[in-house]
Amino acid sequence: MTVGNSPDFGRHVFGSDRDHLVIVAYLQDLPDRISAGNVDQLIPGYRRIFARFNESLRDGGREARVLLAPTVTEAAGLPAVESRMVSLDERDREIRPRSITIYRGQEQYIVACRRPVAESPQTTGADRGCEQVLETLSIEGDG
């Protein structure tokens, strides 16, 4: 099982306001079936990706803080891996990205939420919107 070396986008992409809420959900076909029984085997791959990402930020004179290291969880009733961090966006503003990768057999769905670190009514709304997407997400089919 591997994480990475995959195209930037799968078959479905959805997006919204890049400043206060970005939700990108996409689907990719994986080479292996992922289940609740083996999703934890993906964590070392996620850690390597985090390490490379942090290294590339440091090489560019930037730093990122991990708020939640890649952790096995559940979303939409399926096994998932979630991570959260603080980093700088393309305009050098501190942002708080959150990524939840959901697995159903050989399919991978990603919900990514991003908002500025500075608290405001918009960021509170973005956090609520991210939670609402995760609470209402329904993935149907055979997987």
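Check the entry above for the structure.
Residues numbered from 1 in each chain as written. Predicted model: local features only at pLDDT ≥ 70, side-chain atom pairs only at ≥ 80, totals over all residues. Heavy atoms only, no water.

Caption draft 1: Local environment of the overall build of the chain. Of the regular secondary structure elements, the chain holds 2 helices and 4 strands. Written out in order from the N terminus, the α and β elements of the chain read β-α-β-β-β-α. By residue count, 38% of the 143 residues in the chain fall in the buried class. Taking all contacts inside the chain whose residues are at least 6 apart in sequence as the whole, residues at least 24 apart take part in 48%. Per element, the accessible surface of the chain, about 8300 Å² overall, is 50% carbon and sulfur. (Helix = DSSP H or I, 4+ residues; strand = E, 2+ residues; numbered from the N terminus. Buried < 20%, exposed > 50% of the residue type's maximum accessible area, 1.4 Å probe, protein only. Contact = heavy atoms within 4.5 Å. Areas by Shrake-Rupley, 256 points an atom, 1.4 Å probe, with all protein chains shown as cover.)

Caption draft 2: Up close: the pairing of strand 2 (residues 65–75). Looking at chain direction, strand 2 and strand 3 (residues 78–88) are connected through 8 bridges and run antiparallel. Bridge assignment links leucine 68 to a residue of strand 3, and that residue is arginine 84. The antiparallel hairpin formed by strand 2 and strand 3 contains 2 residues in its connecting segment, where alanine 76 sits at a positive phi of about 55 degrees. (Pairing = 2+ DSSP bridges.)

Caption draft 3: Local environment of the nonpolar core. Core analysis: the largest hydrophobic core is formed by 13 residues, its most contacted members being Ile100, Ile102 and Val111. Elements with a contribution of two residues or more to this core: strand 3, strand 4 (94–116) and helix 2 (121–136). Per-element accounting of this core gives the leading share, 5 residues, to strand 4. By size, the runner-up hydrophobic cluster in this structure holds 8 residues, among which are Ile34, Val39, Tyr46 and Val81. (Core = buried A, V, L, I, M, F, W, Y, C linked by side-chain atoms within 4.5 Å.)

Caption draft 4: Seen up close, unusual backbone geometry. Phi at alanine 76 is positive, roughly 55 degrees, even though this residue is not glycine. Turning to its location among the elements, alanine 76 is positioned in the loop between strand 2 and strand 3. In this structure, aspartate 92 is a non-glycine residue whose phi angle is positive, near 60 degrees. Within the fold, aspartate 92 resides in the loop between strand 3 and strand 4.

Caption draft 5: Examining the pairing of strand 4 more closely. Counting buried positions along strand 4 yields 17 of 23 residues, so the element is predominantly enclosed. Relative to strand 4, strand 3 runs antiparallel, the two being bridged by 7 bridges. The residue bridging serine 87 from the neighbouring strand is isoleucine 95, located in strand 4. A loop of 5 residues connects strand 3 with strand 4, the two strands running antiparallel in sequence, and aspartate 92 in this loop sits at a positive phi of about 60 degrees.

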